[in-house]
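# Coordinate inspection notes
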Amino acid sequence: DQQVKQNSPSLSVQEGRISILNCDYTNSMFDYFLWYKKYPAEGPTFLISISSIKDKNEDGRFTVFLNKSAKHLSLHIVPSQPGDSAVYFCAASGYAGGTSYGKLTFGQGTILTVHP
Amino acid sequence: SAVISQKPSRDICQRGTSLTIQCQVDSQVTMMFWYRQQPGQSLTLIATANQGSEATYESGFVIDKFPISRPNLTFSTLTVSNMSPEDSSIYLCSVEAETYEQYFGPGTRLTVT
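Right, let's walk through the structure included here.

What counts, and where the lines are drawn
Positions within a chain are numbered from 1, following the residues in the order the chain's sequence is written. The naming scheme follows written order: chains are lettered A onward, ligands numbered 1 onward. For a predicted model such as this one, the threshold for reporting local features is a pLDDT of at least 70, and the threshold for listing and counting side-chain atom pairs is 80 or more; totals across whole chains, interfaces and linings nevertheless cover every residue. Only heavy atoms go into the side-chain values, all of them from the structure, while hydrogens and water stay out. In this analysis, two residues are considered to be in contact whenever any of their non-hydrogen atoms come within 4.5 Å of each other. When two parts are put together, the accessible area they lose, computed with a 1.4 Å probe and summed over both, is reported as buried area. By salt bridge we mean one thing: a side-chain nitrogen of Lys or Arg within 4 Å of a carboxyl oxygen of Asp or Glu. Distance and chemistry together define a polar contact, namely a pair of N or O atoms within 3.5 Å, with one atom able to donate a hydrogen and the other to accept it when in protein, and with adjacent residues in sequence counting only for side-chain atoms on both sides. Classification convention: Asp, Glu, Lys, Arg as charged; Ala, Val, Leu, Ile, Met, Phe, Trp, Tyr, Cys, Pro as nonpolar; all other residues, Gly among them, as polar. Secondary structure is summarised from DSSP: a helix means a run of H or I of at least four residues, a strand means a run of E of at least two, and numbering begins at the N terminus for each. Being paired, for any two strands, means DSSP has found at least two bridges between them.

### Points about the interface of chain A and chain B
When the parts of a complex come together, some accessible area is lost, and that lost area is often used as the size of the interface. Contacts between chain A and chain B engage 19 residues on the former and 20 residues on the latter. Together chain A and chain B conceal approximately 1,500 Å² of surface at their shared face, both sides included; 60% is due to carbon and sulfur atoms. Broken down residue by residue, the surface that chain A buries against chain B is led by A:Pro44, A:Lys103 and A:Phe106, which jointly contribute 27%. Our enumeration of links across chain A and chain B arrives at one salt bridge. The salt bridge involving B:Glu58 is made with A:Lys103; its shortest N-O contact spans 2.9 Å. If you look at where chain A meets chain B, you find six residue pairs in polar contact (both at pLDDT 80 or more). A breakdown of the residues in the side of chain A that touches chain B according to their chemical character gives ten nonpolar, six polar and three charged.

What follows is the structure in structure tokens.
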């Protein structure tokens, strides 16, 4: 049962244009969402997160949008740069009690290629 | 963000043997996690390790196969026991920050022959 889905295995974008990566989830208990970037032979790097009380969060070139009713989130990268070429994972979590969110459930990843 | 190191970075092991992976964090953290990324797959949580208590394992993962230690607030180990080629994966530890995002180590790439 894939609770977090990234339906696009790959995305190709021209440098300077916008990259839009999409993610859908099915578990209504998820209330915290994260995006990670991963290069080969490295661990995932945290990019940006959003809690379910918001519908948008911005950090520099990265913006995450959350549509709770559609159970959909997206990551916008503007402008895209060749160094952004990597695998992007979305992840989701539900409040685990105490001071922790705990377990992350990951999507399958989208390979982003930004062409010069 | 926390700085996390893992040892070894990679290893090639024979089936039937065991490998212990170390995870070191540069600050004290309550929650540490161990994930696995099989070839071409996403990341899957193996277990959650809190200092001073037994690790909590996810469905499909058992303590006999993946024993975990968490002796203090900056260190944890994961052992992959009685290995088979199906255990060939990248093993990653992560920690949860006070603001709830998780930060990952560089991973240990394990190949079982």
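### Considerations on unusual backbone geometry
With omega at -15°, the peptide bond leading from A:Val78 into A:Pro79 counts as cis. Of note, A:Pro79 is situated in the loop between strand E8 (72-77) and strand E9 (86-93). B:Lys7 connects to B:Pro8 through a cis peptide bond whose omega is -10°. You can see B:Pro8 is positioned in the loop between strand E1 (4-7) and strand E2 (10-13). Its identity as a non-glycine residue notwithstanding, A:Lys71 has a phi of 50°, on the positive side. Structurally, A:Lys71 is set in the loop between strand E7 (62-67) and E8. Here B:Asn82, not a glycine, exhibits a phi torsion of approximately 45°, which is positive. Here B:Asn82 is to be found in the loop between strand E8 (75-80) and strand E9 (89-96).

### Details of the sheet that holds strand E6 (residues 56-59) of chain A
In spatial order, the strands read E1-E3-E8-E7-E6 (chain A); together these five strands make up an open sheet with antiparallel pairing. In this open sheet, the two strands that pair with only one neighbour each are strand E1 (4-5) and E6 of chain A.

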